[in-house]
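# Structural overview for review
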Amino acid sequence: MAQQEKTTQSMDIKLLWKVIKLASPFRILLIATILFSLVLAILGPLRPELIQRLIDQNILGSGSNTQLLVILIICTLMAESVLRYFFIYSSNKLGQSVVKELRTSVFKQVLSLNLSYFDKTPIGTTTTRTVNDIETINSIFTQGFIQLLADVLTLLIIIIWMFLKSWQLALISLAALPIMILSTYIFKESVKKAFQKVRTQVSLLNAFLQEHISGMRLVQIFGAENQEFNKFNDINDKHKKANVEAIWAYSIFFPVVEILLAVAIGLMVWLGAGLLIKNILTTTFGTPADVGLIIQFILLIGLLFRPIRFMAERFNTMQMGLVAARRVFSLLDRKDRISNEGAIKDVEISGKIEFKKLQFAYTTDDYVLKDISFQLPAGKSLAIVGHTGSGKSSIINLISRLYNWQDGDILLDDIPVKDYELIFYRQQISTVLQDVFLFSGSIYDNIRLLDTSITDEEIKKAAELIGANEFIEQLPQQYNYQVMERGATLSLGQRQLISFVRALVFNPKILILDEATSSVDTETEFILQKAINKLIQNRTSIIIAHRLATIHSADFVLMLESGTIVDFGSKSELLIKDGPFKTLYNNYST
């Protein structure tokens, strides 16, 4: 058990160092913050010393420099306030600077991951990593190790100062310290466990909310509001209990601190005054002990207990930050991304596609595509047919390089697609999915996807060619109409037409259509089919055909069964021979 705890602490130190290294681009700000904390720690005993002299020399004595001491005390107080301001400002600015860069790195990593990560990870979990967890890392800089460093420096300087002033009073002042340290340790461990539960419950809460708000239509259609509310209530209750555990620890710890502070001051007044009266109180500086010395030690006790009071909280804040950092770094360290090691770009693409003995599995050894080999000449169209689960969508996902395959290869113009620079390669492909996704924003933005090189005129021209301009111009604000999340205010057919316009304005060499007409009415299907015919002209096109009515214009047909090719050729050729496609076609026709 002790060995395990030692290993955990070692891992935490390494992780903390990894977090601190995130501040290396802002080292000037980091050094300035540490210097502010050092100066504040040095200034700590100065004000009590000045107050002692004011009491001994001017209030109880006959000194004449009262005004000067009062001015010095006020100046010291103002200097501490100004330095405290710059310390808090610089530490928070440092934290926010690190958070900004880290959040950018995390989102860049999320963009590079292949879809297998998103298949296995709830959206809310990724949102928590990118927003909540990174914001928690900010607390390491604003309330964690820098504040902890400042507290430790303050403690050391005050304790040293106490012993320099009077070793007897220093021992009296520190009499309650062992109990304080023990209480702080117990509090730290208790809150650490509670906060770990809190972070887990926050992640579960975010994941649940994200999933169910996105799927609210389904929840209401099936009348499952009560069941889902009960699930949410259970998660929310666990979140509350985790927070209550932390609150309970705080409610015990802070009263204990106040009691120990009162005990320390009481001992100082009782024993210190006794030593003073007996005239056996010695001071290292050789100055005579007087009432002001007792007052200074009472003030120093307050300064001593203040950082100790918050050190446990600082430890737990830092621990929460490290838990969040571990989760964020685990996301950053993931290797299941699409490799971008190709260098070929800015070349003319004709659009010839070839699969060579390709093997692919979403999970190890569970292959969904087995030994797939075929060629599609440039400018030709291919319809892929097969039953649900035969591997149709997997093929188009691999052409777009959304997943990594295990064996074999895919070639574009006789060059392995991994040799192309990834962004350049994907710019050659446009995909129209059956389930169209639209972002919140204008129709302009949803078509150009913030690519400023695509002009408004080009969008309108593409919309006229596809036949989408008619319904767009009837909308309020027309092309500036604000589409709600996922295009909820538009019909399915309208969303499909917008996705066709989007595909056209990017002028791809390869067009992929995942049966874009399967969920619309007959009239809309007719409009969409005309749009498809315009889109596939002079382009290499791959059409996932859930209905055989959509393959009439295809140059080639590929039929899949259980991840293997069972038929390939032109439609006329396949209907002549007695093969699996002819059987499927005859069954569909009847």
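Residues numbered from 1 in each chain as written. Predicted model: local features only at pLDDT ≥ 70, side-chain atom pairs only at ≥ 80, totals over all residues. Heavy atoms only, no water.

## Brief notes about the overall build of the protein
Helix and strand counts for the protein come out as 20 helices and 12 strands. Looking at the protein residue by residue over its 590 residues, the buried ones come to 46%. Of the contacts formed within the protein by residues at least 6 apart in sequence, a portion of 79% connects residues at least 24 apart. When the accessible surface of the protein is split by element, carbon and sulfur atoms take 60% of a total near 30300 Å². (Helix = DSSP H or I, 4+ residues; strand = E, 2+ residues; numbered from the N terminus. Buried < 20%, exposed > 50% of the residue type's maximum accessible area, 1.4 Å probe, protein only. Contact = heavy atoms within 4.5 Å. Areas by Shrake-Rupley, 256 points an atom, 1.4 Å probe, with all protein chains shown as cover.)

## So, the pairing of strand β3 (residues 381-386)
The side chains of a regular strand alternate, first on one face of the sheet and then on the other. Most of β3 is tucked away, with six of its six residues classed as buried. Neither face of β3 is open: one carries Ser381, Ala383 and Val385, the other Leu382, Ile384 and Gly386, and all of them are buried. The pairing of β3 with strand β10 (residues 540-544) spans four bridges and is parallel. Bridge pairing in β10 links Ala383 to Ile543. Note that β3 and strand β11 (residues 556-561) share five bridges and pair parallel. Counterpart to Leu382 in the pairing with β11 is Phe556. (Pairing = 2+ DSSP bridges.)

## Concerning the nonpolar core
Of all hydrophobic cores here, the largest spans 70 residues; its most connected members are Ile140, Phe141, Phe145 and Phe305. Among the elements of the structure, α1 (2-20), α2 (27-43), α4 (66-112), α6 (123-165), α7 (167-173), α8 (177-214), α10 (225-277) and α11 (291-332) are those that each provide at least two residues to this core. Counting residues per element, this core draws most heavily on α11, at 18 residues. (Core = buried A, V, L, I, M, F, W, Y, C linked by side-chain atoms within 4.5 Å.)

## Some thoughts on helix α17 (residues 492-505)
For α17, built from 14 residues, the straight-helix expectation of 20 Å at 1.5 Å per residue is met to within 8% by its first-to-last C-alpha distance of 20 Å. For α17, the buried fraction is high: 12 of the 14 residues fall into the buried class. For α17, every residue scored as buried is listed here: Gly493, Arg495, Gln496, Leu497, Ile498, Ser499, Phe500, Val501, Arg502, Ala503, Leu504 and Val505. Positive backbone phi, at 50°, marks Asn507, one or two positions downstream of α17. (Expected span 1.5 Å × (residues − 1).)

## Looking at the sheet that holds strand β4 (residues 407-412)
Reading across the sheet, the four strands line up as β2-β1-β4-β5 and stay open at both edges, with antiparallel pairing between neighbours. The sheet terminates laterally at β2 (366-376) and β5 (415-416), the two strands that pair on one side only. The pairing of strand β1 (residues 353-363) with β2 spans seven bridges and is antiparallel. By the bridge assignment for β2, Leu358 is matched with Ile372. Of the strands in this sheet, β1, β2 and β4 touch helix α12 (residues 392-399), which is tilted by about 110° from β1. (Axes fitted to C-alpha atoms, helices over the stretch in contact; angles between N-to-C directions.)

## Description of the packing of helix α15 (residues 456-466) against α17
What describes two packed helices is the angle between their axes and the distance between those same axes. In the contact formed by α15 and α17, the axes pass within 9 Å of each other and the chain directions differ by 120°. The orientation of α15 relative to α17 falls into the category oblique. You can see that α15 and α17 cross each other, and the crossing is right-handed. Residue-level inspection shows Glu458, Ile459, Ala462, Ala463, Leu465 and Ile466 of α15 in contact with α17, the latter providing Leu497, Phe500, Val501, Leu504 and Val505. By residue class, the composition of the contact of α15 with α17 is 10 nonpolar, no polar and one charged. (Parallel < 35°, antiparallel > 145°, perpendicular 65-115°, else oblique. Left-handed = near helix turned anticlockwise from the far one by under 90°. Nonpolar A, V, L, I, M, F, W, Y, C, P; charged D, E, K, R; others polar.)

## Focus on α2
Here α2 spans 24 Å end to end across 17 residues, near enough to the 24 Å set by a 1.5 Å rise per residue. Listed in full, the buried residues belonging to α2 are Leu30, Thr33, Ser37, Leu40, Ala41 and Leu43. Looking down the long axis of α2, one finds its buried residues gathered within 165° of arc, a one-sided arrangement. Exposed residues on α2 whose side chains face more than 90 degrees from its buried face are Arg27, Ile28 and Ile42. (Arc of directions from axis to C-beta.)

## Quick word on the pairing of β1
Counting the residues in the hairpin turn of β1 and β2 gives two residues, including Asp365, whose phi is positive at 70°. When β1 meets β4, the two strands line up antiparallel, connected through five bridges. Each residue of the ladder has a partner; that of Phe355, found in β4, is Ile410.

## Digging into the packing of aromatic side chains
If you walk through the whole model with that rule in mind, you get nine aromatic pairs. Between the aromatic rings of Tyr85 and Tyr89, the centroid separation amounts to 6.1 Å while the plane-to-plane angle is 20°, which identifies the pairing as stacked. Here Tyr89 and Tyr85 lie together in helix α4, a separation of four residues that amounts to about one turn. Since its relative accessible area comes to 48%, Tyr85 is described here as partly exposed. The structure contains a cluster of three or more aromatic residues connected by ring pairs, namely Phe36, Tyr85, Phe86 and Tyr89. Positioned above the aromatic ring of Phe329, the side-chain terminus of Lys18 is 4.4 Å from the ring centre. Here Lys418 stacks its cationic end above the ring of Trp405, 4.5 Å away from the centre of that ring. (Phe/Tyr/Trp six-rings, centres within 6.5 Å; stacked < 30°, edge-to-face > 60°. Lys NZ or Arg CZ within 6 Å of the ring centre and 35° of its normal.)

## Quick notes on the sheet that holds strand β6 (residues 429-432)
Strand pairing in a sheet takes place through backbone hydrogen bonds and is either antiparallel or parallel in direction. Spatial ordering of the open sheet is given by β6-β9-β10-β3-β11-β12, a layout of six strands whose pairing is mixed. Looking at the sheet topology across the chains shown, the edges are occupied by β6 and β12 (564-569). On average, each strand axis in the sheet is inclined to that of its neighbour by 15°, with strand direction left out of account. The sheet contacts of α17 involve β6 and β9 (510-514), and relative to β6 the element is tilted by about 175°.

## With respect to the environment of Leu376
Looking at where Leu376 falls in the secondary structure, it is placed in strand β2. On a C-alpha basis, the gap between Leu376 and Leu412 in space is 9.8 Å, while along the polypeptide they are 36 residues apart. Non-local contacts of Leu376, meaning those with residues more than four positions away in its chain, are made with Gly351, Lys352, Ile353, Ser381, Leu382, Thr540, Ser541, Ile542 and Phe556.

## Description of the pattern of salt bridges
Counting across every chain of the model gives eight salt bridges. Between Lys352 and Asp414 there is a salt bridge, with its nearest N and O atoms 2.9 Å apart. Of this pair, Lys352 sits in the loop between α11 and β1 while Asp414 sits in the loop between β4 and β5, placing them 62 residues apart in sequence. (Salt bridge = Lys/Arg side-chain N within 4 Å of Asp/Glu carboxyl O.)

## Some thoughts on the confidence of the model for the protein
Of the residues in the protein, 84% reach a pLDDT of 70 or more, and the chain-wide mean stands at 77. Counted against residues more than four places away or in other chains, residues 1-8, with its pLDDT under 50, gives one contact. (pLDDT = per-residue confidence, 0-100.)

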